[in-house]
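# Inside the fold
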Amino acid sequence: MGWSQNGLTQLTSDVTYLADDKLEGREIGTKGEELAAIFIAERYAEIGLTPKGTDGYFQTFSRKQEQDPHSTAAADTGRVVGRNVAGFIDNGAKTTVVIGAHYDHLGYGSHGSLHSGEPAIHNGADDNASGIAVMLMLAEKLKSDAKSNNYLFIAFSGEERGLWGSNYFTKEPTLKLDDVNYMINMDMVGRLNEENTLAINGTGTSPIWKSLLPELNKSEFKLVLSESGVGPSDHTSFYLKDIPVLHFFTGQHDDYHKPSDDVDKVNFDGMHKIGGFIFSLITNLDDGGKIKFTKTKEPDASSSPRFSVTLGVVPDYLFDGAGMRISGVKEGRTADNAGMIEGDIVIKMGKIEVTDMQSYMQGLSAFKKGDKTKVVIKRGEKTIKKKVQF
C-alpha cells in the first residue's frame, strides 16, 4: 500500500505543533519538553499503541547537570529530569523492531547553539520534529499493515545533551534487548534537497543493509552510505548493545542549531518519500527472521588529525565530490570574516590540498590561533583565493 495524502497532512500538523514557539524549543527538563512528550503520548494513543514506558507511555530519567543561568530548565536540585515516550505494537512475534527519534531540542540556546545573537527560541523543526513526525507516520502504517515483528516506537529526550535518553533506555530497557531485531533512527530528515540526497549511516552493522538498500531505492534517492554504527545520534546507544542500526539523515544546513530551523524551511514531500522508503525496508525484512549483527571499524582516534582552530563552518557531509563543501557559515567566525558563503568548496588550505573531510582536518591541524593563510575555494565555476586569519 502506498502513502496516503492524509499521511502528508498529518506530517505537517505534527511538525507544526512540535516546532511551535509555545513549546519554547523543547529543552530537556522544561515545560516545553513536557508538552511535547504529552503530545507524542496522545498521538500514540490515537494510533492504538500500547504503553511501553515505566509510567504509561513515559520512562522518566534524571541526570546531574551544571546549571546555566540562561537555561529555563527546572533543576533546582542540580539534576535535570527528562522522559522517553515509548509505545508498542504487540503482534506476538519473537522479535521486535525499534523505531526511534529524539524530540528534545535546545530551548533558548543555552547548550549547543550556533546562534551568536541574544537568546532566542530554537524550534528545531528539522532537528528533530521531522524525525518524530516520520516515526508517528510509520506507527500508523505498521499498526495496520505489518504483523511479522513487534514494533517499539521511542521518542527520546536528552539527545542534545549526549544521547541521555537512548543511553538510559538501553541500560533500563522496558523489553528484552535480546529480542530486538534492529533499530531505525530518524534524526533530521526534514531537508531533502533537490538532488534527493539521503544519508544512511550504520550500513556496516548488518550484512543485509548494503545489498537491500540500493535494491529498494530504485534510484528515487541519491544514497550516501556510511558503515559506522557510531555517530552523534541515538542509534549509537543500540549499536553499542550489538544491535544492527540505521540512521536516516538529510544533511546539515545553515539553520542547524539556530533559531531559524523553523517549519517554513521543511520539505514535507521529502519527509513523506523518506517515510515510504523506510516502510518498504521494514516490511521487506518482516518475514526474514532476525538479521545478523556485525561490528564496524571505527576511526582510530590516535590517527585522527588534532587541530586547535576551525574555519567556523558546517561541513556538508552529503557532498561526495572533491574538497569540503560548506553547508553553513557561522556568523563572525573565520570563514565569515573572509567572505566565504554556503556552497563554497574548500580545495586548498595553505599548502594542503583538500580532497575530502580527512584532508580538510589535516589542513586545519597545520595552523594555530592567530595564524594567517590563503584558502582556495571553488564557487560555481570560479576558483577564488581568500585570505584568512584564525
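Below or above, wherever it landed, is the structure these notes cover. Here, residues in each chain are numbered from 1, in the same order as that chain's written sequence. Given that the model is predicted, a residue must reach a pLDDT of at least 70 before its local features are reported, and side-chain atom pairs must reach 80 or more before they are shown or counted; all residues, however, enter totals for whole chains, interfaces and linings. Water and hydrogen atoms were dropped before computing side-chain values, which therefore reflect all heavy atoms in the structure.

## Description of the pattern of salt bridges
As a reminder of what qualifies: For this analysis, a salt bridge means a side-chain nitrogen from Lys or Arg found within 4 Å of a carboxyl oxygen belonging to Asp or Glu. Note on conventions: DSSP H or I runs of at least 4 residues are helices, E runs of at least 2 residues are strands, and numbering of each starts at the N terminus. The cut-offs for exposure are 20% and 50% of the maximum accessible area for each residue type, with area from a 1.4 Å probe on protein chains only; residues under the lower value are buried, those over the upper are exposed, and the others partly exposed.
Counted under the stated rule, the structure contains 16 salt bridges. The salt bridge involving Lys-31 is made with Glu-34; its shortest N-O contact spans 3.8 Å. Of this pair, Lys-31 and Glu-34 both sit in helix H2 (residues 31–47), 3 residues apart, which is roughly one turn of the helix. Residue Lys-31 is classed as exposed on the basis of its relative accessible area, which comes to 52%. Put simply, Asp-371 and Lys-368 hold a salt bridge, and the shortest N to O gap is 3.7 Å. Where salt bridges share partners, they join Asp-14, Arg-43, Glu-46 and Glu-140 into one cluster.

## Observations regarding helix H7 (residues 268–285)
We count it as follows: Expected helix span is computed as 1.5 Å times (number of residues minus one). In the analysis that follows, any N or O atom pair within 3.5 Å is treated as a polar contact, provided that within protein one partner can donate a hydrogen and the other can accept it, and provided that, for residues neighboring in sequence, both atoms belong to side chains.
Taking 1.5 Å of rise per residue, 18 residues should cover 26 Å, and H7 covers 26 Å from first to last C-alpha, within 8% of that figure. H7 sits mainly inside the fold: 13 of its 18 residues count as buried. Where H7 begins, one side-chain oxygen reaches toward the backbone nitrogen of Asp-269, 3.3 Å away; that side chain belongs to Asn-267.

## Comments concerning a positive patch on the surface
The test is simple: Two distance rules govern patches: like charges are joined within 9 Å, and nonpolar side chains (Val, Leu, Ile, Met, Phe, Trp, Tyr) within 5 Å, applied only to residues with over 30% relative accessible area and no salt bridge. Residue-level accessible areas treat just the shown protein chains as cover; the underlying method is Shrake-Rupley with a 1.4 Å probe. His is not counted, nor are the chain ends, whereas Lys and Arg count as positive and Asp and Glu as negative. By convention, the charge on Lys lies at NZ, on Arg at CZ, on Asp at CG and on Glu at CD.
On the surface, Arg-63, Lys-64, Arg-79, Lys-171 and Lys-241 cluster together to form a positively charged patch. In this fold, Lys-241 is placed in the loop between helix H6 (235–239) and strand S9 (245–249). According to the relative accessible area criterion, Lys-241 is partly exposed, its value standing at 42%.

## Topic: H2
With 17 residues, H2 should reach 24 Å at 1.5 Å per residue; the first-to-last C-alpha distance of 24 Å fits that figure. Those residues of H2 that fall on the buried side of the exposure criterion are Gly-32, Glu-33, Ala-36, Ala-37, Phe-39, Ile-40, Ala-41, Arg-43, Tyr-44 and Ile-47. Downstream of H2 by a residue or two, Gly-48 has a phi angle that is positive, lying close to 100°.

## Focus on the environment of Phe-248
In this structure, Phe-248 sits in strand S9. Overall, Phe-248 belongs to the buried group, its relative accessible area being 0%. Put simply, Phe-248 and Ile-274 are 26 residues apart on the chain and 8.5 Å apart in space, counted from C-alpha to C-alpha.

## Things to note about unusual backbone geometry
Of note, the amide linkage connecting Asp-127 to Asn-128 takes the cis form, showing an omega dihedral of 5°. Of note, Met-188 is a non-glycine position whose phi angle comes to about 70°, a positive value. Structurally, the position occupied by Met-188 is in the loop between strand S6 (180–186) and strand S7 (197–201). A positive phi angle is found at Asn-196, which is not glycine, with a value near 60°. By the element assignment, Asn-196 lies in the loop between S6 and S7.

## Side note on the nonpolar core
Quick reminder of the rule: Nonpolar cores are built from buried Ala, Val, Leu, Ile, Met, Phe, Trp, Tyr and Cys residues. Side-chain atoms within 4.5 Å join them into one set. Residues are treated as being in contact if the distance between any of their heavy atoms lies within 4.5 Å.
One finds Tyr-44, Ile-99, Leu-142, Phe-153, Phe-248 and Leu-281 to be the most contacted residues of the largest nonpolar core, which totals 61 residues. Looking at this core element by element, the count peaks at 11 residues for helix H3 (residues 125–145). Discounting chain neighbours no more than four positions away, the residues touching Ile-99 are Met-135, Leu-138, Leu-142, Tyr-151, Leu-152, Phe-153, Ile-154, Ile-184, Met-186 and Ile-282. Within the second largest apolar cluster, 19 residues are counted, among which are Val-309, Met-349, Val-375 and Phe-390.

## So, the pairing of S6
Heads up, the condition is: A pair of strands counts as paired when DSSP detects no fewer than two bridges linking them.
Most of S6 sits inside the fold, with 7 of its 7 residues counted as buried. Relative to S6, strand S4 (residues 96–102) is paired through 5 bridges, and the arrangement is parallel. Paired with Gly-100 across the strands is Asn-185, a residue of S6. Here S6 pairs with S9 via 4 bridges, running parallel. Bridging across to S9, Ile-184 finds its partner in Leu-246.

## Description of the side chain of Asn-149
With respect to the element layout, Asn-149 can be found in the loop between H3 and strand S5 (150–156). Its relative accessible area of 1% is what places Asn-149 among the buried residues. Within the structure, Asn-149 has its side chain in polar contact with the side chain of Thr-95 (distance 2.4 Å). Looking at Asn-149, its side chain comes within polar contact range of the side chain of Asp-286, at 2.9 Å. The contacts of Asn-149, once residues within four sequence positions are left out, are Asn-91, Ala-93, Thr-95, Thr-96, Val-97, Asn-181 and Asp-286.

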